[in-house]
Amino acid sequence: MRLVVLGGGESGVGTAILGKQKGYDVFVSDFGKIKDSYKEVLINKGIEWEEEKHTESQILNADVVMKSPGIPEKAPIVKKLIEKGIPVISEIEFAAPFTKAVTIGITGSNGKTTTTMLTYHLLQSAGLKVGLAGNIGKSFAEQVAEDKYDSYVLELSSFQLDGIINYKPHIAIITNISPDHLDRYDYKYENYIDSKFRITMNQTEEDYLIYDADDETISNWLQNNKTRAKLIPFSLTKTFEEGAFIKNNTMEVTINQEEFKMETESIALEGKHNLKNAMAATSVAKLMQIRKATIRESLSNFQGVEHRLEKVLKIQNVQYINDSKATNVNATFFALDSMNTPTVWIVGGVDKGNDYNELMALVREKVKAIICLGVDNGKIIDAFGNVVDMMIEVQSMREAVIMAQRLTEKGDTVLLSPACASFDLFENYEDRGRQFKEAVQNL
């Protein structure tokens, strides 16, 4: 069996390692450059590879192709593979049959990283042998090759779900759905929605789908489509006999007639959206039969995720917050919604077709000045130019932070929440967040 891996990054190299271990003839092809650390692994394992090209004669003879999530379906080589009828799958689809471990799959436009990390924290604190993979950390395929875990918490993007055929998580979570990455879905929101719901397409009556019952997009899909999974809703406004909800400042989770209650103020993560993440993660913990005391302790000591509403420093009584992970409007909505003081907002980057109107009421109420950090800020200026007193354009993170400091008074907050991708001035959102933190530390 010939396995061709497109993309020599974390998921590609992990898949190559597992494929080789399982007796496949493996070839890795990357249209860009492969990092030295990954090349070393491929050479050590005796795996053939190429970079800065796709040699068709070496690729179109594959029995199966694992495509890294960053490569679009529209890429010429992918189109040719599909025309030839060669299965093009994701790392998750390739690796899942090689493990008996239970998988918990988490997707959504926002909140999936926090929910994934929190779920992992809950299961790990309970002493379970649990791995963390998908969009985070070490490749799932490589961890399956090492075979040390009984369960995995997987953060799954729509791109990874596009590449599944038979994979099913035992427990699936959809945190929410809002327009994102529409450039990869022919600018059709319904294509993106269908992509997210692939997480449940192979689930049976023995599996579970945990979902946000306040999310209209999710509710509509569930009304018009079928899943065989057992449904476990969570909500900030509704109550359920089975599911999770907030009532009288208490989080209540009832699953299989067992009840768990915890006061919301004891939960370490702040903000309404984080209560949803906590309800989703707690629902998993209950399904995995984790003790109440462990759940309580884990929820009260969880530190949160880097670049997601991360408190950096307080300088002259001004709080600086790094929310670089907010790469779409919906994520920035949560960030602005959780601000309780006058805010200087640093926004901008590569716009993925954003509609800034959703933020209008929050900007009027909370934002005193906007600093645009991006190559093209036209849309942001058009949207908010008449709404805030101060609007400034800058070309570097250092400049953004220095300007922000000038515009603040005691008691204010400086919030980096870009609502955009970062590929114009930065390598990725992590690089953008780190540069922000560095600039703040140098004030």
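Look a little higher up for the structure.
One structure accompanies this document, and this report is about it. (Residues numbered from 1 in each chain as written. Predicted model: local features only at pLDDT ≥ 70, side-chain atom pairs only at ≥ 80, totals over all residues. Heavy atoms only, no water.)

A few points about the pairing of strand E2 (residues 25-30)
The buried count for E2 comes to 5 of 6 residues, which makes it a mostly enclosed element. Relative to E2, strand E1 (residues 2-6) runs parallel, the two sharing 5 bridges. From the neighbouring strand, Arg 2 faces E2, where its bridge partner is Asp 25. In the classification by handedness, the crossover that spans E1, the intervening helix H1 (residues 10-21) and the parallel E2 is right-handed. With 4 bridges joining them, E2 and strand E3 (residues 48-51) adopt parallel strand pairing. Across the sheet, residue Phe 27 finds its bridge partner in E3, namely Glu 48. Taken together, E2, helix H2 (residues 36-44) and E3 constitute a β-α-β crossover, and its handedness is right-handed. (Buried < 20%, exposed > 50% of the residue type's maximum accessible area, 1.4 Å probe, protein only. Helix = DSSP H or I, 4+ residues; strand = E, 2+ residues; numbered from the N terminus. Pairing = 2+ DSSP bridges. Right-handed = clockwise from strand over helix to strand, strands pointing away.)

Overview of the sheet that holds strand E11 (residues 230-235)
One open sheet accounts for 9 strands, arranged E7-E8-E6-E9-E10-E11-E12-E13-E14; its pairing is mixed. The open sheet has two free edges, formed respectively by strand E7 (130-134) and strand E14 (258-263), since each of these has just one partner strand. With direction set aside, neighbouring strand axes in the sheet form an average angle of 15°. Along the sheet, helix H10 (residues 216-224) contacts strand E9 (171-174), strand E10 (208-212) and E11; its crossing angle with E10, the most-contacted strand, is approximately 140°. Contacts from helix H12 (residues 292-301) reach strand E13 (250-255) and E14, with the element oriented near 30° to E14. (Axes fitted to C-alpha atoms, helices over the stretch in contact; angles between N-to-C directions. Contact = heavy atoms within 4.5 Å.)

As for empty space enclosed by the protein
This model, assessed by the stated rule, comprises 1 cavity of 30 Å³ or more. Looking at the largest cavity, its volume works out to about 70 Å³. Lining the largest cavity, in full, are Asn 110, Gly 111, Thr 114, His 273, Asn 274, Asn 277, Arg 308, Leu 309, Asp 323, Ala 331, Phe 334 and Ala 335. Elements with a contribution of two residues or more to the lining of the largest cavity: helix H11 (272-287) and helix H13 (329-337). (1 Å grid on protein atoms, 1.4 Å probe; cavity = no way out; pocket = protein on both sides within 12 Å on 5 of 7 lines; lining within 4 Å. Points joined across faces, edges and corners; volume = space filled by probe spheres on them.)

With respect to the environment of Lys 226
Within the secondary structure, Lys 226 is located in the loop between H10 and E11. For Lys 226, a relative accessible area of 79% gives the class exposed. Taking the C-alpha atoms as reference, Lys 226 lies 8.8 Å from Met 201; in sequence the two are 25 residues apart.

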